[in-house]
There are 2 protein chains.
Amino acid sequence: MYESIAVVGATGAVGSIVLELLDKRNFPYKTIKFLASKRSAGKTIIFKGQSHTVEESTPEAFVGVQLAIASTPDETARDLLPDAVKRGTLVIDESGYWRMDPDVPLVVPEINAAAAKNAPKGIISSPNCSTTQLVMAVKPLHDYGKAKRIVVSTYQAVSGAGMLGTADLENGIRAIAEGREQTVECFPYPIAGNCIPQIGSPKEQGYTSEELKLLYETRKILGDDSIKVCPTAVRVPVVNCHSESILVETERKITVSKARELFAAMPGVVVQDDLDNRGQGQYPMPYFCSGRDEVFIGRIREDLSCDTGLAFWCVCDNLRKGAATNAVQIAEYLQYGA
Amino acid sequence: MYESIAVVGATGAVGSIVLELLDKRNFPYKTIKFLASKRSAGKTIIFKGQSHTVEESTPEAFVGVQLAIASTPDETARDLLPDAVKRGTLVIDESGYWRMDPDVPLVVPEINAAAAKNAPKGIISSPNCSTTQLVMAVKPLHDYGKAKRIVVSTYQAVSGAGMLGTADLENGIRAIAEGREQTVECFPYPIAGNCIPQIGSPKEQGYTSEELKLLYETRKILGDDSIKVCPTAVRVPVVNCHSESILVETERKITVSKARELFAAMPGVVVQDDLDNRGQGQYPMPYFCSGRDEVFIGRIREDLSCDTGLAFWCVCDNLRKGAATNAVQIAEYLQYGA
């Protein structure tokens, strides 16, 4: 059992779910700290029925903390986490900053839990939300038939942009309902009633940072740099849960029935796949997956454009398995093992 | 000039735009009739500042009508249009029913206008909305580099499901704004705040009718049955304008700069492609394309997963170029030629 743990970014969209999971899953510790930015320090958090005061996440706040789960912006993770590590804290980091560092393991416990045990920098990264559900789906296909190529188009919820993103959609929905113009604070354009084909900042070759995460993080987690990925990341007016239209080409052909079997056997994956179902098709949808810890897969079918391709639809709560749940699972693995 | 024309389905979502276009573009005719289902017969339509009464679209209503533009459900098109043709009417049909008939041309004027002149059944079909924008985008790439394979994931607006679809989203948005549960009349599930990965009915191999249209109609319009398509059709909570994430593999490699040049030279296509643009990326979005007659393309980039692949994002007003505009363009071609 850990003597002392800390939740960093405890007042944020992901941090508050980390707290919920630590409580619900009875994560073992003796003392717990709630850290956040200077702006949120002093706020009160109710945890397990008790009031706690949020402390500012200064380097000194980590003295005596054995394990921290951090959900902060990239720049905070860059500046703060080495200081935490220097004070003896092992950090599970949800930010994007450390993920591609060769000395930082990038972990999805169902796929590469053991990698978490080799963290020379004292930091273990949890992947980007859109990557986690992609690799959870690709992993069983890859093990069986070796994935050569992935084409993925995302339908990403506003909660992935944090509380300000959610506010933009909520305000936009109210504006539409009341016949007013939408104003936005988080996104570059109105998001209610719109699709924005840009998430993150422009990077190489016309791709965005979010899209390149789907390439590089996938390769790192699956441990195979030969996998090719064509990513398109799009923000849609959905409050929570990312959806992905995924095409995987494998070396060995995978039939639809084999794929169903492989997905069903993958821990953390739920298959919802009955397009017919007497007129009420069954497939995953963000509206119904919110609050769930699993990755949902449906619309499984042979790719009509390639003999060894498999197409499917994948939905996951981006704040849970896409972030908080995965981080807490890493913490549980470190505590209990596989 | 036509002596007499008719607009069938004149009170519907597409029909009302057909009327607007006939007016705005000064389509030449001497008399015009407004036809609709029994339910809408007797309604008043204001056209060019004058009141007209909507007539029921019985077979006899077509007597003396030279040209009709019909926007009706498939079953109505199946039953009604042969009767109209028997009475001497040439029909431009927006429904799905006749499109794949080998004796019915399927026409996008910028691509295969001349096909409209060979209509042995007296019916000319206009493609499905999601197909039209796809082929408008693929055509210049195909001409230059021969398209071998298309992977397309759609983000389709509710207006594609007609006025009931739009009502479902509007009611859903009001329900969310007021904290109520959504009720739906048109879609199988709530659409506000959701993505529904089913459009149309289940067909072969786990694909939906909407998805197979993206395959078969594309082949017919481009006149190339060797083109392979992997389609995924998804309804998103957008009022109007379909978006598509498209990947095209060609025999001859097409660079991004060449693709921009090819798209820009395609009549009816507008390129909006500057991801950087000092922090305010430029790319097409449904929110801003509504009411426009063109097909908009952006996010043009080399496919990171295939040397001869090109990825891009395409948005089009599904009620306009996806339906009404294309039909009126066919009518104009028959009148004026290319």
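It should be emphasised that the depicted structure is a prediction, and the values quoted were computed from it without experimental measurement.

(A) Up close: the relation of the copies chain B and chain A. Between chain B and chain A, the superposition needs a rotation of 180° and an axial shift of 0.0 Å, giving an RMSD of 0.0 Å. Expressed as an axis order, the relation between the two copies is that of a two-fold axis. Interface overlap between copies is the fraction of interface residues in one copy that are interface residues in the other; for chain B against chain A it reaches 100%, indicating a shared surface.

(B) Examining the interface of chain B and chain A more closely. Of the residues lining the interface, 64 residues belong to chain B; the matching set on chain A comes to 64 residues. At the boundary of chain B with chain A, total buried surface from both sides reaches about 5,400 Å², with 59% on carbon and sulfur atoms. Summed over the three residues of chain B that lose the most area to chain A, namely Y189(B), Y287(B) and L304(B), the buried surface amounts to 13% of that side. With a closest N to O distance of 3.9 Å, E211(A) and R301(B) form a salt bridge. When contributions to the side of chain B that touches chain A are tallied by element, the ones reaching two or more residues are β9 (147-155), α5 (162-177), α6 (209-222), β10 (228-232), β11 (242-250), α8 (286-289), β13 (295-302) and β14 (309-316) of chain B. Tallying contributions element by element places β9(B) first for the side of chain B that touches chain A, with six residues. Taken together, the residues of the side of chain B that touches chain A sort by class into 37 nonpolar, 16 polar and eleven charged.

(C) The confidence of the model for chain A, seen in detail. Here chain A averages 97 in pLDDT, while 100% of its residues score no lower than 70. Interface predicted TM-score (ipTM) for the complex: 0.97; the corresponding pTM is 0.97.

(D) Quick peek at the sheet that holds β10(B). Residue and element names in this part refer to chain B. Strand order in the open sheet formed by six strands is β10-β9-β11-β14-β13-β12, and the pairing between neighbours is mixed. Each having just a single partner strand, β10 and β12 (269-271) make up the two edges of the open sheet. The average undirected angle you get between the axes of adjacent strands in this sheet is 25°. Where β9 meets β11, eight bridges bridge the pair, whose relative direction is antiparallel. Within the sheet, the bridge partner assigned to I150 lies in β11 and is V248.

(E) How the structure looks around the pattern of salt bridges. Going through the model one piece at a time under the given rule, you end up with 46 salt bridges over all chains. R320(A) is the partner of E20(A) in a salt bridge, and the nearest nitrogen-oxygen pair spans 2.5 Å. Residue E20(A) is found in helix α1 (residues 13-24), and its partner R320(A) is found in helix α9 (residues 320-336); the two are separated by 300 residues along the sequence. Accessibility expressed as a relative area gives 6% for R320(A), which makes it buried. The partner of R25(B) in a salt bridge is E332(B), and the shortest N-O contact between them spans 2.9 Å. Of this pair, R25(B) sits in the loop between α1 (13-24) and β2 (29-36) while E332(B) is found in helix α9 (residues 320-336), placing the two residues 307 residues apart along the sequence. Linked by salt bridges that have partners in common, R149(A), E249(A), D303(A), R149(B), E249(B) and D303(B) make up one network.

About the thresholds
Residues numbered from 1 in each chain as written. Chains lettered and ligands numbered in written order. Predicted model: local features only at pLDDT ≥ 70, side-chain atom pairs only at ≥ 80, totals over all residues. Heavy atoms only, no water. Least-squares fit on C-alpha atoms with pLDDT ≥ 70 in both. Contact = heavy atoms within 4.5 Å. Buried area = accessible area lost by both parts, 1.4 Å probe. Salt bridge = Lys/Arg side-chain N within 4 Å of Asp/Glu carboxyl O. Helix = DSSP H or I, 4+ residues; strand = E, 2+ residues; numbered from the N terminus. Nonpolar A, V, L, I, M, F, W, Y, C, P; charged D, E, K, R; others polar. pLDDT = per-residue confidence, 0-100. Pairing = 2+ DSSP bridges. Axes fitted to C-alpha atoms, helices over the stretch in contact; angles between N-to-C directions. Buried < 20%, exposed > 50% of the residue type's maximum accessible area, 1.4 Å probe, protein only.

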